[in-house]
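# Architecture and fold: a report
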Amino acid sequence: DRDMVSIGTPVVGWQDNTLATARQFMTGEVCFYRVVGGQEDLPEIGQPGTPATVEVFWRGKARIQHLRAPRRDSTEYQASDSRSFRFQLDPEDNPPALYAGTKARVLNGGRDEQLTTYAYQVESAVNSTQMAVRTVELTADMRPTTWGWDAP
């Protein structure tokens, strides 16, 4: 038998306490979606394209924040235009498994409605065995998007 070293009495329910606190700051609303179908115009053969449809597969409350400085190195000739973001979701709202490349949109930016103008893409949505909130890491290219659809 190996000697066990105690690090003290474990804090019971810290994840629930953290989640309860985090919920107070989940003042935004986000959705995750996929683009389905659609085909570009083929003018060389006179065939019009078909419009793609958007399928929202999850919508819920979130805390939304940008992270760090711009992602790409910039030079005096080229300004960086990609930023990292984090969405913190309530795990009790049953967010789905989110993988790299999943598309996201902010529907309500809380005190910063400019957040609603960007198109986001998931980079990671993995937590620990002691998850308190579902943390989703995303990027956005910081160019405004004209949304042609409303989230159901």
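Structure: above.
A brief look at the structure comes next.

Basis of the calculations
Residues numbered from 1 in each chain as written. Predicted model: local features only at pLDDT ≥ 70, side-chain atom pairs only at ≥ 80, totals over all residues. Heavy atoms only, no water. Helix = DSSP H or I, 4+ residues; strand = E, 2+ residues; numbered from the N terminus. Buried < 20%, exposed > 50% of the residue type's maximum accessible area, 1.4 Å probe, protein only. Salt bridge = Lys/Arg side-chain N within 4 Å of Asp/Glu carboxyl O. Core = buried A, V, L, I, M, F, W, Y, C linked by side-chain atoms within 4.5 Å. Contact = heavy atoms within 4.5 Å. Pairing = 2+ DSSP bridges. Axes fitted to C-alpha atoms, helices over the stretch in contact; angles between N-to-C directions.

On to unusual backbone geometry, then. A negative phi angle is the norm for most residues apart from glycine, just as the trans form is the norm for most peptide bonds. A positive phi angle is found at asparagine 94, which is not glycine, with a value near 55 degrees. Structurally, asparagine 94 is set in the loop between β3 (83-89) and β4 (103-108). The phi dihedral of methionine 142 is positive, around 65 degrees, even though this residue is not glycine. Along the chain, methionine 142 turns up in the segment after β6 (134-140). For methionine 142, a relative accessible area of 27% puts it in the partly exposed group.

Taken as a whole, this structure holds eight salt bridges when the rule is applied. Between lysine 61 and aspartate 90 there is a salt bridge, and its shortest N-O distance comes to 3.3 Å. In this pair, lysine 61 sits in strand β2 (residues 53-67) while aspartate 90 sits in the loop between β3 and β4, placing the two residues 29 residues apart along the sequence. For lysine 61, a relative accessible area of 28% corresponds to the partly exposed category.

Take the nonpolar core next. Core analysis: the biggest nonpolar cluster contains 19 residues, and Val30, Phe32, Phe87, Leu89, Tyr120, Val136 and Leu138 have the highest contact counts within it. At the level of elements, β1 (28-36), β2, β3, β4, β5 (119-124) and β6 are the ones that each hand at least two residues to this core. Dropping the residues within four chain positions of it, leucine 89 is found in contact with Met26, Val30, Phe32, Trp58, Lys61, Ala62, Pro95, Leu98, Val133, Arg134 and Val136. Judged by nonpolar contacts, the second largest core, of five residues, contains Tyr33, Trp147, Trp149 and Ala151.

Strand order in the closed barrel made by the six strands is β1-β2-β3-β6-β5-β4, with antiparallel pairing throughout. Within this sheet the neighbouring strands show an average axis-to-axis angle of 50 degrees, counted without direction. Both β3 and β6 contribute to a ladder of seven bridges, which runs antiparallel. Bridge pairing in β6 places arginine 86 opposite glutamate 137.

Attention now goes to the pairing of β1. When β1 meets β2, the two strands line up antiparallel, connected through nine bridges. In the strand pairing of β2, phenylalanine 32 is matched with tryptophan 58. Examined bridge by bridge, β1 and β4 share five bridges and lie antiparallel to one another. Looking at β4, one finds that cysteine 31 is bridged to arginine 105.

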